Amino acid sequence: MKPPSLMIAVAALLALVASGCTTYYRIKDTTSGRTYYTEEYKRRNGTLIFKDTKSGAEITLPSSEIAEVAEDEYKKNTAK
């Protein structure tokens, strides 16, 4: 049996790794100027497809700018 402190350290490390795996994106529609936030996106036939976190809508954009953002900016701009 492993010492309890080692088990706690392993559990804490796993929690830290799991929480740090999410990447957040700010996507700007270069045609309208509207800004969206998402955790993932796909490119298909020259268009960008993603789910807008705030509205829950699936968005398809032919022209966009993508930037990775910090978790605090993402949460601030997606709060309902």
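Overview of the structure.

Thresholds, definitions, all that
- Residues numbered from 1 in each chain as written.
- Predicted model: local features only at pLDDT ≥ 70, side-chain atom pairs only at ≥ 80, totals over all residues.
- Heavy atoms only, no water.
- Pairing = 2+ DSSP bridges.
- Helix = DSSP H or I, 4+ residues; strand = E, 2+ residues; numbered from the N terminus.
- Axes fitted to C-alpha atoms, helices over the stretch in contact; angles between N-to-C directions.
- Contact = heavy atoms within 4.5 Å.
- Buried < 20%, exposed > 50% of the residue type's maximum accessible area, 1.4 Å probe, protein only.

In spatial order, the strands read β2-β1-β6; together these three strands make up an open sheet with antiparallel pairing. Lying at the two open borders of the sheet, with one neighbouring strand each, are β2 (35-38) and β6 (64-69). The mean angle between the axes of side-by-side strands here comes to 25 degrees, regardless of whether they run parallel or antiparallel. Packed on one face of the sheet, helix α2 (residues 71-78) meets β1 (24-29), β2 and β6 and runs near 115 degrees to β2.

With that settled, consider unusual backbone geometry. Excluding glycine, most residues fall at negative phi; most peptide bonds, likewise, are trans. The phi dihedral of N45 is positive, around 50 degrees, even though this residue is not glycine. Note that N45 resides in the loop between β3 (41-44) and β4 (47-51). N45 gets classed as exposed once you look at its relative accessible area, which sits at 77%.

The next point concerns the sheet that holds β4. Here three strands make up an open sheet; going across it, the order is β3-β4-β5 and the pairing antiparallel. Across the chains shown, the open sheet's two edge strands, defined by having one partner strand only, are β3 and β5 (58-61). The mean angle between the axes of side-by-side strands here comes to 20 degrees, regardless of whether they run parallel or antiparallel. Bridge count between β4 and β5: four bridges; the pairing is antiparallel. Of the residues in β5, the one forming a bridge with L48 is L61.

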